Amino acid sequence: MINDKLPVIWYGGDYNPEQFDLLTLQDDIVMLKKAHINIATIGVFSWALLQVDEDKFTFSWLDTIIDTLYENGIYTCLATPTAVPPAWMVKRYPDLLRTDPMGIRKKFGGRANACPTSENYRRFTYQIAGQLAKRYAQHPGVLMFHISNEYADACYCDQCEIAFRQWLKDKYQTIEAVNHAWNTTFWGHTFQTFDEIVIPDARSEQWSDRATNFQSMSLDFKRFSSESLFACYQNEVKAIREFSNFPVTTNLMGAYKPLDYAVFAKGMDVISWDNYPSHHATPSEIAFSHDLMRGLKAGKPFMLMEQTPSQQNWQPYNALKRPGVMRLWSYQAIAHGADTVMFFQLRRSVGACEKFHGAVIDHVGHENTRVFQEVAILGEELARLGSQLLDTRLTCRVGILFDWENWWAVEFSSGPSQDLWYRQEIQKYYDAFHQQGIAVDIVFPYQDFSEYAILVAPVLYMLKPGLAARLKEFVRAGSTFMTTFMSGLVDEHDRIVPGGYPGELRDLLGIWVEEFDALPPGVTNRMVCHDDQRTWQERYACSLLCDVIHTTGADVLFTYERDFYKNYPVVTRNRYGDGNAWYVGSSPEPAFLSDLAANLCREKGIVSALSVPEGIEITQRTDGKITYLFVLNHADSAVQIDLGSAVYQDILKMQTVTGKVMLASKDVWVLRS
Amino acid sequence: MINDKLPVIWYGGDYNPEQFDLLTLQDDIVMLKKAHINIATIGVFSWALLQVDEDKFTFSWLDTIIDTLYENGIYTCLATPTAVPPAWMVKRYPDLLRTDPMGIRKKFGGRANACPTSENYRRFTYQIAGQLAKRYAQHPGVLMFHISNEYADACYCDQCEIAFRQWLKDKYQTIEAVNHAWNTTFWGHTFQTFDEIVIPDARSEQWSDRATNFQSMSLDFKRFSSESLFACYQNEVKAIREFSNFPVTTNLMGAYKPLDYAVFAKGMDVISWDNYPSHHATPSEIAFSHDLMRGLKAGKPFMLMEQTPSQQNWQPYNALKRPGVMRLWSYQAIAHGADTVMFFQLRRSVGACEKFHGAVIDHVGHENTRVFQEVAILGEELARLGSQLLDTRLTCRVGILFDWENWWAVEFSSGPSQDLWYRQEIQKYYDAFHQQGIAVDIVFPYQDFSEYAILVAPVLYMLKPGLAARLKEFVRAGSTFMTTFMSGLVDEHDRIVPGGYPGELRDLLGIWVEEFDALPPGVTNRMVCHDDQRTWQERYACSLLCDVIHTTGADVLFTYERDFYKNYPVVTRNRYGDGNAWYVGSSPEPAFLSDLAANLCREKGIVSALSVPEGIEITQRTDGKITYLFVLNHADSAVQIDLGSAVYQDILKMQTVTGKVMLASKDVWVLRS
Amino acid sequence: MINDKLPVIWYGGDYNPEQFDLLTLQDDIVMLKKAHINIATIGVFSWALLQVDEDKFTFSWLDTIIDTLYENGIYTCLATPTAVPPAWMVKRYPDLLRTDPMGIRKKFGGRANACPTSENYRRFTYQIAGQLAKRYAQHPGVLMFHISNEYADACYCDQCEIAFRQWLKDKYQTIEAVNHAWNTTFWGHTFQTFDEIVIPDARSEQWSDRATNFQSMSLDFKRFSSESLFACYQNEVKAIREFSNFPVTTNLMGAYKPLDYAVFAKGMDVISWDNYPSHHATPSEIAFSHDLMRGLKAGKPFMLMEQTPSQQNWQPYNALKRPGVMRLWSYQAIAHGADTVMFFQLRRSVGACEKFHGAVIDHVGHENTRVFQEVAILGEELARLGSQLLDTRLTCRVGILFDWENWWAVEFSSGPSQDLWYRQEIQKYYDAFHQQGIAVDIVFPYQDFSEYAILVAPVLYMLKPGLAARLKEFVRAGSTFMTTFMSGLVDEHDRIVPGGYPGELRDLLGIWVEEFDALPPGVTNRMVCHDDQRTWQERYACSLLCDVIHTTGADVLFTYERDFYKNYPVVTRNRYGDGNAWYVGSSPEPAFLSDLAANLCREKGIVSALSVPEGIEITQRTDGKITYLFVLNHADSAVQIDLGSAVYQDILKMQTVTGKVMLASKDVWVLRS
């Protein structure tokens with residue numbers, strides 16, 4: 001449990017009563033209790049109210065809120081307010097603010113706007129985090145610390161440049177090592193001293209998020225930026241730890257590219273994240289995000305820190321969540337390992353840019369709204385569940401390898417195709433397992449793979465030191481590894497591994513990739529099957545990139561149908577030790593990936609708990625003894641589910657289900673057998 | 001009359017003989033007289049020639065031009081040249097120039113490029129305007145002053161920031177009032193002093209014309225910018241008034257978003273504007289612009305200050321005006337209340353960016369061009385009209401409410417849909433009346449509505465203080481009010497009016513809007529009719545936004561056909577006092593709006609002077625005794641008009657028309673009964 | 001011959017062994033010899049290695065490379081490394097770097113990044129070029145100097161502004177002359193002194209590459225920028241000439257808009273260029289680029305300095321060159337006048353942005369790749385050719401006029417259509433001749449036209465002084481001239497030539513263009529034939545722009561089918577002296593241009609050497625005695641060629657061909673009769 005003071009699924013969300021008055025707080029509490037809210041995130045963005053001068057703090061208003069909530073049975077997730085330094089502080093210390101990639105210093109405004117290397121920022125955030133911890137460490141109503149808010153982006157100022165040089169010195173020791181890692185002989189960029197190095201930005205080497213002259217330099221700056229923000233986080237944790245051992249977290253944002261959350265995870269007691277899918281997001285895309293977040297702490301339950309009860313405000317088109325969808329998506333989070341269901345926000349702002357973002361309590365101020373009623377019904381249901389799901393975990397035999405640094409590197413690449421998006425390729429493979437009800441862990445390179453029967457690593461472009469050896473050991477021991485085009489090409493400095501692609505994976509895969517062709521949009525090739533031992537269609541379309549492959553031991557399962565590499569292998573499988581290593585040399589249509597996932601699972605004896613009709617999602621959570629089967633209907637109509645002869649107890653509706661049963665649109669079962 | 005020295009329709013345009021030589025001036029005058037030109041706008045952009053040092057002026061060339069024109073029967077509309085400070089002045093006083101939203105100071109170049117709060121700019125413009133007034137106040141050939149040219153845009157420099165703070169101090173008195181108005185507790189943006197406030201721009205809060213973190217702050221900066229430019233205008237008027245009581249104007253640009261022309265109108269003796277429709281503009285769009293401009297002075301005749309005789313140069317595709325179109329559009333201006341027909345320009349430049357903009361006298365330099373011939377024929381025709389149309393007015397029983405601040409506020413909104421454009425929604429309702437021959441006044445919130453039978457206020461998002469009460473009084477007295485989705489939501493600070501949407505209009509409309517759904521492009525719902533007392537189709541499509549409405553007294557006229565709000569009201573009508581208040585909760589297809597307009601007019605006994613076939617536009621101008629009926633054929637072929645049994649005199653062709661008569665393509669009648 | 005030390009077709013390319021080690025150099029040489037490589041471009045971007053302090057040079061590594069190559073029969077094209085100043089130098093002299101159009105100074109990074117007016121840049125480049133020339137002038141292995149690399153773009157810094165003012169003083173002498181040339185009376189931009197002039201950039205007059213307020217000012221700045229970079233080139237040539245008379249060149253980039261290569265050509269001993277077509281480039285587009293480059297030195301053989309053996313890296317989609325295409329395109333270069341076939345690059349980088357750009361020696365490091373094999377086979381074939389093609393030339397009777405300044409001027413124009421692209425209109429006319437096997441010279445205004453039977457000048461917007469007279473003389477003497485809409489409009493200052501379009505060409509063409517209409521995308525008109533003396537279809541589509549034309553002596557060959565200018569001329573021909581002058585007043589479909597080219601050639605007795613089926617390209621090179629006929633099959637299948645009764649020797653396959661013979665897809669003949 002995150003904090004055993006509150007041994008149930010935490011239900012609540014961000015709350016800013018300081019935007020209103022005490023009467024409103026009283027009214028709100030009446031409503032929040034009706035909705036079975038038991039936690040409120042307090043204090044996000046409240047720095048200007050908390051600290052009015054260098055050493056002058058005003059906590060009384062916060063005391064009142066936390067006390068009042070606690071008196072009414074609502075616990076506090078206490079946020080440090082450091083995502084926005086106060087206006088007076090910024091005016092006094094302009095170095096607190098960021099500079100953009102064109103060298104233009106920001107002025108006061110926005111949020112997540114502080115320079116992460118600013119000494120003043122570090123000093124002031126340490127101070128306020130410590131003050132909060134000191135004052136509230138003993139408060140019975142406080143459950144945990146929520147550090148800052150949605151860390152984001154980077155800064156390109158002169159002090160960051162100096163810090164970047166120091167970071168490089170610490171990492172490489174000598175300028176020669178930098179020159180080698182960055183291959184600076186190319187274009188004559190050799191540095192004589194660290195002082196000559198500048199940040200790669202729109203004024204120097206990197207003119208967009210996907211375009212840089214020196215991939216390795218830009219990668220190092222991304223690492224530096226991500227670590228700088230993490231250092232801000234750690235700085236606050238350190239201040240808190242002087243007074244409190246409460247769990248600490250910060251709210252992450254799913255597959256947010258600029259920050260390496262695998263690094264952040266190491267400093268977080270519990271992962272929490274904000275789930276804001278667009279109106280056209282698929283259930284599988286949302287599921288992937290949950291699994292990605294769960295994977296950061298190797299399967300430990302996480303917090304759904306924010307979701308909207310209904311409407312967002314910053315999407316191009318902010319559709320309402322249809323009736324039932326908020327409940328469905330809340331259970332989807334739990335189904336994927338969340339132990340909390342929390343909203344942004346409990347009461348809607350009346351001014352500024354989020355006034356059209358949904359809330360539990362709307363502008364109208366009363367409970368007679370569709371949204372409030374749905375929130376209250378879910379609250380009641382969750383309250384009934386008590387502690388029974390807490391700390392149960394998913395058990396996955398399939399892992400998908402994900403790596404932020406690899407993501408950065410792939411998308412910094414100049415060539416072969418601008419349409420190659422790492423996230424998208426990962427999602428295609430994830431979808432294939434998800435739609436068949438096979439649970440997947442998202443795994444990071446530094447984690448242990450040994451528990452998985454299958455490890456899928458699409459576009460594993462960058463192989464960090466030691467990873468190839470660990471993958472070989474994994475396969476040798478009998479497991480299945482699968483990777484794709486654009487894998488094994490570079491080391492951690494984005495330097496090509498010489499001797500033929502895919503570099504260190506050549507013997508594992510039993511192939512040599514001679515070259516790769518980029519297909520413009522609309523152009524496809526086809527893959528022709530030569531494998532009669534598994535279940536395939538005769539042909540599948542493929543596109544994007546086409547590797548020209550020579551086998552050096554691998555079996556050829558598919559070949560190209562067209563072009564000058566007609567009859568060359570496109571899908572291969574190599575026996576390696578007791579396991580198999582698969583290679584897919586192009587980007588196939590979804591039908592292939594489904595069949596591939598089915599074949600791989602069949603060979604490993606991995607089966608879904610249920611057969612899964614379209615629109616249905618299933619997962620299982622278990623404490624080792626009791627297993628809970630989640631069945632979610634994302635479809636727009638009722639779907640018949642075949643539960644077979646087993647008899648289940650639906651712990652939501654408290655009823656027994658078995659055989660062929662209809663599950664209503666947007667409805668959910670949590671079944672205990 | 002604007003100036004009774006010239007008691008006819010003014011016919012002429014911008015003229016820059018200083019770009020040529022005296023011989024050219026002589027040649028031009030011969031041609032201009034052939035074209036019956038009686039007015040020339042002189043001096044726009046001539047500052048560098050007029051003032052060659054701090055206190056050194058050279059008026060002789062201007063004397064020659066004005067004298068020569070006057071000797072030839074051509075009057076002068078005298079422009080102050082302040083839209084472009086001379087290069088020498090800018091070099092000496094760089095603060096004259098603007099700074100962009102990224103903080104980059106402009107260099108010499110362009111036009112409308114001066115910082116509106118620059119003390120030097122104010123000082124120099126006061127000086128030159130005064131000098132001109134002093135010298136030409138008694139000139140018999142000068143009719144009026146044209147202040148500067150097409151005021152536009154904003155400045156983001158440090159001196160504007162200081163001025164903005166002072167403006168806020170004047171408006172709000174205390175920093176607490178600012179914090180409340182802007183809801184700065186949100187995101188912890190509370191200010192302790194005015195000095196902490198920065199301009200909302202790309203470095204701080206507002207990253208595009210439609211995106212800001214603090215709507216209220218951005219609104220205030222828009223008000224400040226608009227007022228700063230108006231102050232520049234007023235500053236020149238003040239200088240002129242020391243010497244002259246000539247009428248003053250500045251050339252506006254129709255529905256130009258950055259400037260609140262309702263404010264400008266208060267300082268203008270006569271409205272003048274520049275009509276540059278794109279090649280795909282509809283007649284109704286042009287008509288709307290004329291009516292918008294006329295509305296600024298509550299119906300008083302206005303000046304068509306600029307239009308091109310044929311081609312523009314800055315559009316993506318600069319099509320020629322087809323034969324007859326220049327004449328047709330000139331009469332359209334008159335039909336909507338203009339008492340002048342003026343061109344940009346009388347002679348074409350030979351260099352720089354407007355050399356491919358059309359002119360009365362083309363580069364070829366002689367009169368044997370299609371364009372010159374059309375101009376000359378129109379000139380002769382207008383000359384024949386004499387003074388008979390002057391000072392006649394349109395009489396409208398339908399008003400459409402328009403408000404620049406509302407426009408800014410709606411489009412600063414973050415959510416619900418990026419496809420909501422205020423101008424477009426207004427135009428849809430305007431079109432519905434226009435196509436049926438119903439004259440419409442564009443009305444501003446501060447004006448008196450009592451003369452209208454129907455007031456239409458699409459997307460009346462922001463209700464300024466007192467407006468709700470005045471609207472209620474309007475309806476209570478028996479009139480019809482109509483509004484739409486996204487109305488009544490906020491006060492003048494863009495703060496939500498609590499207690500349920502549409503805020504202060506709830507009792508007037510008899511509804512409560514619980515929530516609003518945003519439909520992505522391509523998605524529609526349908527509205528099903530439940531009203532058997534009026535003439536409707538059974539169903540109409542609607543899109544963009546769908547309000548979820550509860551009635552609290554209103555009649556339900558239409559309900560949604562689909563989605564979870566199926567059967568919820570979408571169009572309602574509420575009886576209020578002796579009048580009716582209509583609400584349209586979505587954005588319907590044009591067919592609905594036509595039927596709505598027809599129904600509303602029928603109930604109020606408003607009828608068109610003629611039945612109006614497609615492509616035909618009609619209006620009426622009257623002096624209370626004589627009424628002139630304008631009939632314009634915008635279609636590409638002749639159209640039959642049924643004039644009934646009335647007998648009219650066409651004062652253009654001096655012929656009698658009655659019964660069913662063909663009106664040629666692009667032809668015009670001005671009929672006197 | 002470029003340098004008679006190596007009297008064969010030079011075969012090789014860019015080589016950067018300094019990115020690797022000496023062992024790699026040894027391995028490479030073994031492979032390069034297998035591929036018959038005889039030249040390597042050495043030293044591009046090597047400044048940081050060559051010069052480590054103000055006066056400290058390290059040549060030993062370069063000695064080793066040049067010596068080793070020479071010992072192995074590989075000559076050196078020695079590059080000056082000045083495209084990238086070393087990091088230490090930039091840190092010490094920040095004025096070396098450029099400033100962008102927003103005034104933001106660049107930081108160290110990229111390439112072609114130096115401010116062209118920087119005194120320090122001039123001083124240091126003079127120094128290093130001199131040092132290299134001094135050291136290697138006597139080296140038997142060095143063939144020539146390759147100055148810097150791909151000169152590009154412009155700088156907008158304060159020192160460039162001062163230099164620009166000086167350039168203007170030198171050109172115009174007085175500020176009055178500048179004011180007149182730029183027509184600064186427009187918008188009141190009159191300058192009193194040169195010091196008031198600023199660079200036209202995003203802060204002043206020019207807000208994009210196609211948008212400026214003052215075309216003439218922007219043109220002058222383009223001239224200045226182009227000349228500044230040329231001055232950098234000349235500065236290095238001067239340093240070299242103190243020690244060496246080796247031929248000098250710099251690698252151009254085909255139809256690269258920012259630089260006037262006609263100016264550069266005057267300082268180059270031999271033209272060299274880098275051929276990087278996109279994957280959708282047509283053979284005719286590539287052919288045009290070769291002809292454009294050849295034209296710069298009036299037909300003298302040029303160098304293909306760079307092409308990729310297979311893949312590029314910076315295109316959106318980097319397709320592989322299909323088997324045979326590298327060879328086909330190499331011969332296409334030779335067929336159009338190249339005497340070298342050179343690659344970027346001989347060995348692939350392992351890091352930074354070009355690591356996915358193709359190379360002779362790939363990352364795999366061995367010769368068993370498709371690409372290496374194709375390179376080796378071509379090497380062997382070229383070696384067999386010996387010197388027989390060297391210095392032979394194409395003989396063209398058709399010229400197409402091309403002018404960089406005209407290109408700039410046309411696309412700076414504000415109006416009439418944003419879809420008018422000079423390069424595209426030129427290409428359409430080029431295609432018409434190319435597809436019929438008619439060789440075309442690209443001709444520049446300063447060159448002699450007298451040898452041509454036909455001169456085609458599409459969109460000859462700007463007529464430089466004297467050009468009209470020379471064109472008239474050309475036609476008067478019996479030749480055919482052809483031009484289009486948007487011709488003859490302005491002088492070299494972009495000032496309209498008064499008196500009617502097309503200005504000075506009116507009497508030559510026998511027409512007056514009254515006005516021109518811009519057609520939006522998707523809108524077309526049609527041209528109706530009235531000429532029964534030539535071979536035409538009855539009608540052809542036309543679009544983009546439609547001139548409204550009056551003939552004043554010319555014959556009307558085609559008229560418009562539609563719109564108010566229906567029946568007005570669109571294609572005319574005027575008898576002038578002993579020749580004819582054609583005018584095409586719109587942008588016709590390709591079918592018309594084919595027929596036009598055929599008709600013009602027929603009248604002049606110009607015939608293709610062969611009839612040319614689709615996909616086949618032919619050219620001829622001759623030394624006046626022997627003629628070599630190149631036949632290239634760009635199609636994806638074999639094509640039958642009818643050689644007639646002539647008997648040819650194919651000097652590639654050393655076989656005799658005659659009559660109807662199949663030429664394989666992507667195959668090439670070089671036929672000697």
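Keep in mind that this is a model prediction, so the values were computed, not measured.

**Examining the pattern of salt bridges**
Then, number 1: Inspection of the entire model under this criterion finds 115 salt bridges over all chains.
Then, number 2: Between Glu54(A) and Arg92(A) there is a salt bridge, with its nearest N and O atoms 3.0 Å apart. One end of the pair, Glu54(A), is in the loop between strand S3 (51-53) and strand S4 (56-57); the other, Arg92(A), is in helix H4 (residues 87-92), with 38 residues separating them in the sequence.
Then, number 3: Taking the shortest distance from any N to any O, the salt bridge between Arg203(C) and Asp201(C) comes out at 2.7 Å.
Then, number 4: Bridged by salt links that share partners, the residues Lys171(A), Asp220(A), Arg223(A), Asp403(A), Glu405(A) and Lys464(A) form one connected network.

**Some points on the packing of aromatic side chains**
Residues and elements named next belong to chain A.
Then, number 1: Throughout the structure, instances matching the rule amount to 153 aromatic pairs over all chains.
Then, number 2: For the cation-ring pair, Arg123 lies above Phe124, with the distance from its terminal atom to the ring centre recorded as 4.4 Å.
Then, number 3: Directly above the aromatic system of Tyr446 lies the positively charged group of Lys266, at a separation of 4.3 Å from the ring centroid.

**Comments concerning the sheet that holds strand S5 (residues 75-79) of chain C**
Residue and element names in this part refer to chain C.
Then, number 1: Taken in spatial order, the nine strands line up as S9-S6-S5-S2-S1-S13-S12-S11-S10 in an open sheet, and their pairing is parallel. Only two strands of the sheet have a single partner each, and these edge strands are strand S9 (248-249) and strand S10 (251-252).
Then, number 2: Here strand S6 (residues 142-146) runs beside S9; their pairing, made up of two bridges, is parallel. For Phe145, the partnering residue across the bridge sits in S9 and is Val248.
Then, number 3: Along the sheet face, helix H3 (residues 60-71) touches strand S1 (10-15), strand S2 (39-42), S5 and S6 and points at about 150° away from the line of S5.

**Considerations on the relation of the copies chain A and chain B**
Then, number 1: The two copies are related by a screw operation: chain A maps onto chain B through 120° of rotation and 0.0 Å of translation along the axis, at an RMSD of 0.1 Å. Expressed as an axis order, the relation between the two copies is that of a three-fold axis. For chain A, the smallest separation between a C-alpha atom and the rotation axis is recorded for Ile104(A), amounting to 5.4 Å.
Then, number 2: In this assembly, only 2% of the residues forming the interface of chain A have copies in chain B that are likewise at the interface, indicating a heterologous arrangement.

**Some points on the interface of chain A and chain B**
Then, number 1: Between chain A and chain B, the contact holds 48 residues from the first and 57 residues from the second.
Then, number 2: Together chain A and chain B conceal approximately 4400 Å² of surface at their shared face, both sides included; 58% is due to carbon and sulfur atoms.
Then, number 3: The largest per-residue losses of area from chain A upon contact with chain B belong to Lys107(A), Tyr317(A) and Phe356(A), which jointly make up 18% of the total buried on that side.
Then, number 4: Put simply, chain A and chain B have five salt bridges between them.
Then, number 5: Ionic pairing is found between Glu515(B) and Arg370(A), a salt bridge with its closest N-O pair at 2.7 Å.
Then, number 6: There are 28 residue pairs in polar contact (both at pLDDT 80 or more) connecting chain A and chain B.
Then, number 7: Per element, the largest residue contribution to the side of chain A that touches chain B is three residues, and it comes from H4(A).

**Quick notes on the relation of the copies chain C and chain A**
Then, number 1: In screw terms, the move from chain C to chain A is a rotation of 120° and a rise of 0.0 Å along the axis, fitting with an RMSD of 0.0 Å.
Then, number 2: Looking at the interface residues of chain C, only 2% of them are also at the interface in chain A, so each copy uses its own face.

**Notes on helix H13 (residues 404-412) of chain A**
Residue and element names in this part refer to chain A.
Then, number 1: Of all the nine residues making up H13, nine are buried; the element is thus mostly covered by neighbouring parts of the structure.
Then, number 2: By the burial criterion, the buried members of H13 are Trp404, Glu405, Asn406, Trp407, Trp408, Ala409, Val410, Glu411 and Phe412.
Then, number 3: For H13, the N-terminal cap is Asp403; the gap from its side-chain oxygen to the backbone nitrogen of Glu405 is 3.3 Å.

**Here we look at the sheet that holds strand S25 (residues 616-622) of chain A**
Residues and elements named next belong to chain A.
Then, number 1: If you walk across this open sheet you meet the five strands as S25-S26-S29-S27-S28, and the pairing is antiparallel. This sheet does not close on itself; its edge strands, each paired only once, are S25 and strand S28 (655-663). The average undirected angle you get between the axes of adjacent strands in this sheet is 20°.
Then, number 2: Direction of pairing for strand S26 (residues 627-633) relative to strand S29 (residues 668-672): antiparallel, over a ladder of five bridges. Each bridged residue has a counterpart across the sheet, and for Phe630 the counterpart in S29 is Val670.
Then, number 3: Each of S25, S26 and S29 is contacted by helix H11 (residues 325-335), which is oriented at about 145° to S26, the strand it contacts most.

**A look at helix H1 (residues 22-34) of chain C**
Residue and element names in this part refer to chain C.
Then, number 1: Helix length check: H1, at 13 residues, gives a terminal C-alpha distance of 19 Å against a target of 18 Å (1.5 Å per residue), a fit within 8%.
Then, number 2: Residues of H1 that are buried include every one of Thr24, Leu25, Asp28, Ile29, Met31 and Leu32, and no others.
Then, number 3: At its buried positions, H1 is contacted by S1, H3 and helix H12 (370-385).

**Brief notes about the packing of H3(C) against helix H5 (residues 119-136) of chain C**
Residue and element names in this part refer to chain C.
Then, number 1: Contact geometry of H3 with H5 gives a least axis separation of 12 Å together with a crossing angle of 45°. Taken together, the axes of H3 and H5 are oblique relative to one another. In this structure, H3 meets H5 at a crossing whose hand is right-handed. Contacts between H3 and H5 involve Leu62, Asp63 and Ile66 on the former and, on the latter, Leu132, Arg135 and Tyr136.
Then, number 2: Split into classes, the residues belonging to the contact of H3 with H5 amount to four nonpolar, no polar and two charged.

**Comments concerning the interface of chain C and chain A**
How large an interface is tends to be reported as the accessible area lost when its parts come together.
Then, number 1: If you look at the interface, chain C gives 48 residues, while chain A gives 56 residues.
Then, number 2: With both chains or domains summed, chain C and chain A bury close to 4400 Å², and 58% of this area falls on carbon and sulfur atoms.
Then, number 3: When the buried surface of chain C facing chain A is broken down by residue, Lys107(C), Tyr317(C) and Phe356(C) rank first, second and third, together holding 17% of it.
Then, number 4: Taken together, the links from chain C to chain A amount to five salt bridges.
Then, number 5: Residue Lys107(C) pairs with Glu161(A) through a salt bridge whose shortest N-O separation is 2.4 Å.
Then, number 6: A class-by-class count of the residues in the side of chain C that touches chain A yields 21 nonpolar, 14 polar and 13 charged.

**A word on the domain arrangement of chain A**
Then, number 1: Domain annotation for chain A reports domain 1 (10-152 + 245-385), domain 2 (398-603) and domain 3 (616-672).
Then, number 2: A separation of 34 Å is found between the C-alpha centroids of domain 2 of chain A and domain 3 of chain A.

Cut-offs used in this document
The residue numbers shown here count from 1 along each chain, following its written sequence. The order in which chains are written sets their letters, starting at A; the order in which ligands are written sets their numbers, starting at 1. pLDDT decides what is reported in this predicted model: residues at 70 or higher carry local features, side-chain atom pairs at 80 or more are listed and counted, and totals for whole chains, interfaces and linings draw on all residues regardless. No hydrogens and no water enter the side-chain calculation; it runs on all heavy atoms of the structure. Here a salt bridge means any side-chain nitrogen of Lys or Arg lying within 4 Å of a carboxyl oxygen belonging to Asp or Glu. Here a helix means four or more residues in a row that DSSP labels H or I, a strand means two or more in a row labelled E, and each is numbered from the N terminus. Aromatic contacts are taken between Phe, Tyr and Trp rings whose centres are within 6.5 Å, Trp giving its six-membered ring; a plane angle under 30 degrees counts as stacked, one over 60 as edge-to-face, and the others as tilted. Charge-over-ring contacts are defined here by two conditions on Lys NZ or Arg CZ: a distance within 6 Å of the ring centre and an angle within 35 degrees of the ring normal. Note: two strands are recorded as paired if DSSP finds a minimum of 2 bridges between them. The contact criterion used is simple: two residues touch if any of their non-hydrogen atoms lie within 4.5 Å. Orientation is described by axes fitted as lines to C-alpha atoms, over the contacting stretch for helices, and by angles from 0 to 180 degrees between their N-to-C directions. When the copies are superposed, the least-squares fit draws on C-alpha atoms of residues that have pLDDT of at least 70 in both. The quantity reported as buried area is the accessible area (1.4 Å probe) lost by two parts once they are put together, taken as the sum for both. Contacts described as polar in this section are N or O atom pairs within 3.5 Å, which, within protein, must combine one atom able to donate a hydrogen with one able to accept it, while residues neighboring in sequence count only if both atoms come from side chains. A 1.4 Å probe rolled over the protein chains alone gives each residue an accessible area, and that area as a share of the maximum for its type sets the label: buried under 20%, exposed over 50%, partly exposed in between. A helix is expected to span 1.5 Å for every residue after the first. Each angle receives one of four descriptions, namely roughly parallel if under 35 degrees, roughly antiparallel if over 145, roughly perpendicular if within 65 to 115, and oblique otherwise. Definitions for this section: a left-handed crossing has its near helix turned counterclockwise from the far helix by less than a right angle. A right-handed crossing has that turn clockwise. Throughout, the ten residues Ala, Val, Leu, Ile, Met, Phe, Trp, Tyr, Cys and Pro are labelled nonpolar, Asp, Glu, Lys and Arg are labelled charged, and all others, Gly among them, are labelled polar. Residue ranges assigned to each domain were obtained from an automatic or database domain assignment.

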